[in-house]
Structures are given as C-alpha cells and as structure tokens.
Amino acid sequence: MIQSINPANNKVIKTYQEISDRELSEVLSKMQYAFEDWKTKSFNYRASLMKTAGEILRSKREEYSKLMTLEMGKPIAQSRAEVDKCAWVCEYYADNAEKFLQDEIIKTDSSKSFVTYQPLGVVLAVMPWNFPFWQVFRFAAPTLMAGNVGLLKHASNVSGCSLAIEEIFSEAGFPEFVFKSVILGSSRVKDLIADPIVQAVSLTGSVPAGKSVASAAGSNIKKTVLELGGSDPYVVLEDADLNEAVQTCVTSRLINGGQSCIAAKRFIVVEKVYDRFVELYVDLMKQKKMGDPFDESNDIGPQASVKLRDELHDQVLRSIKTGAILLLGGFIPDSDGAYYPPTVLADVTPGMPAFDEELFGPVAAIIKAKDEDEAIKLANKSVFGLGAAVFTKDITRGEKIAREKLNAGSCFVNQFVRSDPRLPFGGIKESGYGRELSVFGIREFVNIKTVVVK
Ligand code: NAP
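Residues numbered from 1 in each chain as written. Predicted model: local features only at pLDDT ≥ 70, side-chain atom pairs only at ≥ 80, totals over all residues. Heavy atoms only, no water.

A look at the overall build of the chain
Point 1. Across its full length, the chain holds 15 helices and 20 strands.
Point 2. Against the globule reference of 22 Å for 454 residues, the chain gives a C-alpha radius of gyration of 23 Å, in line with a compact fold.
Point 3. Projected onto the principal axes, the alpha-carbon positions of the chain cover approximately 65 × 60 × 40 Å.
Point 4. Counting across all 454 residues of the chain, residues that qualify as buried make up 57%.
Point 5. Taking contacts inside the chain between residues at least 6 apart in sequence as the whole, the part at least 24 apart equals 72%. (Helix = DSSP H or I, 4+ residues; strand = E, 2+ residues; numbered from the N terminus. Rg over C-alpha atoms; globule rule 2.2 N^0.38 Å. Buried < 20%, exposed > 50% of the residue type's maximum accessible area, 1.4 Å probe, protein only. Contact = heavy atoms within 4.5 Å.)

Put into structure tokens, the structure is as follows:
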C-alpha cells in the first residue's frame, strides 16, 4: 500500500494499491506497441498534442496547484507558478523539437553522410516529490516530442499528482500508453530497469537513489540521466550590493520550503562584509512567515513529511554540536504537521553536516572566508556540483568567477540559480550527469545515428 499524507496535518489523504508484476508487464508491452506507432508521427502532430497539454495545464491551474500543495505542502502561489512553468516547457518543445532534432549533413568522401536523431523507445522516469509537476514535465515534453514513450514512477507521497499528469496527456489526445504513470515502491525499480523493454532511465532524486539506479542501469547497459542533490554555494564578495544579495540569498534558501535541489544552501561571505551580511540575513529570515501553505500570506509551509523534517533537525543539531552558531530557528514547533522554521547557522565550517551534506529545508549555513580565493576554495569543497552563484558589482569579475572558477553545472552572477526551458540544466560530481532542458535535454534519449550513402 502506498499513501499520500498531508504534511500540514499528518493526515492520510489517500491510499493507493501498488501495480502488480503482471499488470506492470502488460503496461510495458502496451507501451512498446504504442511506441511503434508514436515514433512514426510527424513533429507537427506531436506538437499539436503537446500544445494542448499546455492549454489544459493553464486552464486547470488551480486544481493542479491545490493538489501539489495538499500532497507536499508548498505554498500555493509557488504551486501556481510551477503549473505555468510546465505549460511553458510543453510549448517550448512543441515549438523547437523539430529544429533541435533535424538531420545534420556532414561532408565526407561519400556521396551523402548525415546524422539523424532517432527515438529509443520506452524511457523510465523516476521522479521526486519536491516539484511534483515540473520535474515530470521537463522530462516528458522533450522525451515524447523526440518520439519516445514515457513511463513514470513518481515519488510515493505524490501519487495523486502522478495520476493527474497521466490524465493531462490522455485528455490532450496522446494515444494510450504514450505516457503512463505506475504506482510502485522504489524497491521494484531495479527489476523495472532490467526489463528488456525499458531502454533508458531518467532519475531525479537523492544521491543514494542515483547510485542504486545507475548501478542497475549500468549492469544492464542502459543510458541514464541523473539529476541528484546539491549544496549550492553563494559567494558574497566585499563589493557586492549587500541588500540585494541578502534578498536574493534568503529567497533562494526558502523557495519551496527550502526543498529545492538548486536552493542556495551555503553562503560563503568574505570577512570584510561577513558581520553585516549575517545581521541583514537574520533580520530578513525573521520576517518570513511559516504556516498553512494555502494561506497566501505565508512564505513557507510544512516540510514534505515528518520523517524528512526530523532528519533535517538532526543535521542542524549535529552542526551545532560541531561548532555552528544557531542564530535563528532550529526547533521543532508544537504542531501535528511537518513544520520547521526558517533557521540560520553561522560560523559553519567544513566537517559540519551543514557544510558537507545537503540540507533539504529552510536552513541557511553561513560561512566566513578570508578573501575571494578562499571563498572559491570553500565553494568548491563539496561532493556536489549542481548550481552556484557569486555576488559582486564588478560584472567582469563575476563572469570570470562563474565561467572559470566555480565547479557547478549552472553558475549565476548576482541572481539565484533557476531552471529555464531554454538553458541546459544538470550537475557534475555527485549532483549527477547528463542534461535536461534546451537542445541538450532532448538529445539525451535519442540514438544519434550516422547514415552514410556511397
Ligand atoms: P529520493 O528519496 O531519492 O526519491 C526520488 C525518487 O526516487 C522517488 O520516486 C523514489 O521513490 C525513488 N527512489 C528512492 N530510492 C530509490 C532507490 N534506491 N532505487 C530506485 N528509486 C528510488 O529523493 P526525494 O526525497 O524524493 O527528493 C529529494 C532529492 O532530490 C534531493 O536530494 C534533491 O536535491 C534531489 N533533486 C534533484 C533535482 C535536480 O534536478 N538535480 C531536482 C529535484 C530534486 P519512493 O518515493 O517510492 O521512495
């Protein structure tokens, strides 16, 4: 049995029956069959359905937003923005897929040589709960437009979202089994990957899930894209606009209740402005309201579950034990829900959980650096490499640091890291490999085929 639980009050929303092995095998066969037809359809045809999916998202925005907020607790305004972004990615790939996957003629000694991008077949997506719609649509829009069919195993706590997404594709007119959601526990993913019908896997989730999926895929020689955790460093230099930097740093730490892979997690501030930054940062965090995620005046709702909230609190306590200074928050409120308040830890150093691990919640780790060089070293001293940002009024300096010095998949100057359908998204090191979005994302799950004619 799989349950979705409202994290705001810890009450069960709905219980779901897991798909049986026999039903799963039938689904796979039907998807394989659906693929044989879907891959022959024109880009125009696929694009018209994808645009309809975008229209459905926009027209039922409120319904989907409420569902997300109910199942995982994100503030309702952020759920609405997420639905809009899903519609955007549908429109983006509807408009651009054909251009991205056009044959490319290469001059050789033969009369004709070209590269063509052919779909692979059934692609499995194992997705997380934190952006229950966005993570799925940014996988599905390019994957389906390329002519593949998509099988979704969503996080167990957002099964309602999982089924709603399948319904959107069905209502948009996608043929049956071109996109299918299945409800099953993570222990069955390995066997699913091993099934000969499954051609490739996209996983967004934690590092342990990434290791498990990558090893199962590796031992079956199947392509994977892994979007894993992060501990994004935000470097604040002495010439930064401090007020603006603090605003951006607080926003990025609290977005989605702090449960974003690309949330700012470590703030590395040079000595000269450290004390002032800490003061402004704590002041602003104090003003942020926690409470019912359906109440628009609240900035953060509950964490996604009591278990995850308790794990976060344990990381905070262990950081304090190893020398971090608690300046705000850091306690479990008296409530049935999975609430955790905006929390600030200062004087964080390597060796503390707040520095070494991913803190997936509204907890800021502020770190002091002597100068730019030390700040960059500390920023890169991480097993992760997803996003990073630098704050300086000197744009040339900022650009150089972003381009050459910060080790991450996305580096932003004077703004917070965010995903955008037009830009590639992904990480290095334990943050994973492969890219989603843009032209790079749609070329992950295709056969880059060489054709040579004498
Ligand atoms: P998670 O526990 O790893 O779960 C993610 C998905 O993987 C779920 O569908 C889960 O299913 C499944 N799963 C878990 N363990 C598995 C295993 N051993 N084998 C196969 N599948 C497994 O992660 P989460 O708590 O949902 O999400 C938070 C994590 O995702 C954070 O680390 C965050 O940084 C990362 N994330 C990364 C990105 C990115 O783009 N890089 C974006 C969003 C989130 P069950 O729910 O059934 O266990």
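Focus on the packing of helix α5 (residues 134–145) against helix α6 (residues 159–171)
Point 1. Across the interface, α5 lies against α6 with an axial gap of 12 Å and an inter-helix angle of 30°. Compared by their axis directions, α5 and α6 come out roughly parallel. Read as a crossing pair, α5 and α6 show a hand that is right-handed. Listed contacts from α6 to Val136, Phe137, Ala140 and Leu144 of α5 are Ile165, Ile168 and Phe169.
Point 2. Here the contact of α5 with α6 is built from residues that sort into seven nonpolar, no polar and no charged. (Axes fitted to C-alpha atoms, helices over the stretch in contact; angles between N-to-C directions. Parallel < 35°, antiparallel > 145°, perpendicular 65-115°, else oblique. Left-handed = near helix turned anticlockwise from the far one by under 90°. Nonpolar A, V, L, I, M, F, W, Y, C, P; charged D, E, K, R; others polar.)

Description of the domain arrangement of the chain
Point 1. Each assigned domain of the chain is listed here: domain 1 (2–228 + 428–453) and domain 2 (232–413).
Point 2. Contact residues are listed per partner, giving 26 residues for domain 1 and 32 residues for domain 2.
Point 3. Here domain 1 meets domain 2 over a buried area of about 2300 Å², counting both sides, of which 56% is carbon and sulfur.
Point 4. Here domain 1 is connected to domain 2 by one salt bridge.
Point 5. Between glutamate 296 and arginine 80 there is a salt bridge, with its nearest N and O atoms 3.1 Å apart. (Domains from an automatic or database assignment. Buried area = accessible area lost by both parts, 1.4 Å probe. Salt bridge = Lys/Arg side-chain N within 4 Å of Asp/Glu carboxyl O.)

Points about the environment of tyrosine 64
Point 1. Of note, tyrosine 64 is situated in helix α3 (residues 61–72).
Point 2. Sequence separation between tyrosine 64 and proline 119 is 55 residues; the distance between their C-alpha atoms is 30 Å.
Point 3. Dropping the residues within four chain positions of it, tyrosine 64 is found in contact with Ile56, Leu57, Val83, Phe133, Ala164 and Ile168.

Quick notes on the environment of glutamate 62
Point 1. Position of glutamate 62 relative to the elements: it lies in helix α3.
Point 2. Each C-alpha atom, one on glutamate 62 and one on serine 79, is 8.8 Å from the other, the two residues being 17 residues apart in sequence.
Point 3. A distance of 2.9 Å separates a polar atom in the side chain of glutamate 62 from a polar atom in the side chain of arginine 80. (Polar contact = N/O pair within 3.5 Å; in protein donor to acceptor, adjacent residues only side chain to side chain.)

A look at the packing of aromatic side chains
Point 1. The final tally for this structure, using the stated rule, is 16 aromatic pairs.
Point 2. Pairing tyrosine 92 with phenylalanine 100 gives two aromatic rings, centres 5.9 Å apart and planes at 50°, and the pair type is tilted. Just as tyrosine 92 is buried, phenylalanine 100 falls in that class too.
Point 3. Ring centres 5.8 Å apart and planes at 75° place the aromatic pair tryptophan 129 and phenylalanine 360 in the edge-to-face group. Taken together, the residues tryptophan 129 in the loop between β5 (122–126) and α5 and phenylalanine 360 in the loop between α12 (353–356) and β14 (363–369) connect sequence positions 231 residues apart.
Point 4. Site record: aromatic cluster; members linked through ring pairs are Trp38, Tyr45, Tyr64, Phe133, Phe137, Phe169, Phe174 and Phe179.
Point 5. The ring of tyrosine 45 is capped by lysine 41, whose NZ or CZ atom sits 5.5 Å from the centre of that ring. (Phe/Tyr/Trp six-rings, centres within 6.5 Å; stacked < 30°, edge-to-face > 60°. Lys NZ or Arg CZ within 6 Å of the ring centre and 35° of its normal.)

Observations regarding the pattern of salt bridges
Point 1. Scanning the entire structure with this criterion turns up 29 salt bridges.
Point 2. Here arginine 188 ties to aspartate 21 by a salt bridge, and the two come within 2.8 Å at their closest N and O atoms. Of this pair, arginine 188 sits in the loop between β7 (179–182) and α7 (189–194) while aspartate 21 sits in helix α1 (residues 21–38), and the two are 167 residues apart along the sequence.
Point 3. Arginine 188 gets classed as buried once you look at its relative accessible area, which sits at 17%.

Some remarks on the site of the ligand
Point 1. Lining the immediate surroundings of the ligand are 28 residues, of which Arg138, Ser156, Ser206, Leu228 and Glu358 lie closest.
Point 2. Serine 156 places a polar side-chain atom, nitrogen or oxygen, 2.5 Å from an oxygen atom of the ligand.
Point 3. Here a nitrogen atom of the ligand and a side-chain polar atom of serine 212 are 3.3 Å apart.
Point 4. When isolated, the ligand has an accessible area of 900 Å², and the protein chains bury 85% of it. (Near = heavy atom within 4 Å. Areas by Shrake-Rupley, 256 points an atom, 1.4 Å probe, with all protein chains shown as cover.)

Regarding the pairing of strand β6 (residues 149–153)
Point 1. Counting buried positions along β6 yields five of five residues, so the element is predominantly enclosed.
Point 2. Along β6, one buried face is formed by Val149, Leu151 and Lys153 and the opposite face, lined by Gly150 and Leu152, is buried too.
Point 3. Bridge count for β5 against β6 is five bridges, and the pairing is parallel. Bridging from a neighbouring strand, valine 126 pairs with lysine 153 of β6.
Point 4. Handedness of the β5-α5-β6 crossover: right-handed.
Point 5. In this structure, β6 lies alongside β7, joined through four bridges in parallel fashion. Across the sheet, residue leucine 152 finds its bridge partner in β7, namely serine 181.
Point 6. A crossover links β6 with its parallel partner β7, the connecting element being α6, and its sense is right-handed. (Pairing = 2+ DSSP bridges. Right-handed = clockwise from strand over helix to strand, strands pointing away.)

Quick look at the state of the cysteines
Point 1. Tallying each qualifying case throughout the model produces zero disulfides.
Point 2. We note that cysteine 161 lacks a disulfide partner, and the nearest cysteine sulfur, in cysteine 86, lies 10 Å from it. (Disulfide = S-S within 2.5 Å.)

Here's the deal with α1
Point 1. Between its first and last C-alpha, α1 extends 25 Å over 18 residues, near the 26 Å set by a 1.5 Å rise per residue.
Point 2. Those residues of α1 that sit buried are Leu24, Val27, Leu28, Met31, Ala34, Phe35 and Trp38. Down the axis of α1, the smallest arc covering the buried residues is 130°, so these residues share one side. Structural note: α1 exposes Arg22 and Tyr33 on the side pointing more than 90 degrees away from its buried face. (Expected span 1.5 Å × (residues − 1). Arc of directions from axis to C-beta.)

Examining the sheet that holds strand β3 (residues 104–105)
Point 1. If you walk across this open sheet you meet the three strands as β3-β4-β20, and the pairing is antiparallel. Each end of this open sheet is capped by a strand with a single partner; those strands are β3 and β20 (446–453).
Point 2. One ladder, built from two bridges, connects β3 with strand β4 (residues 112–119); its direction is antiparallel. Each residue of the ladder has a partner; that of glutamate 104, found in β4, is valine 115.

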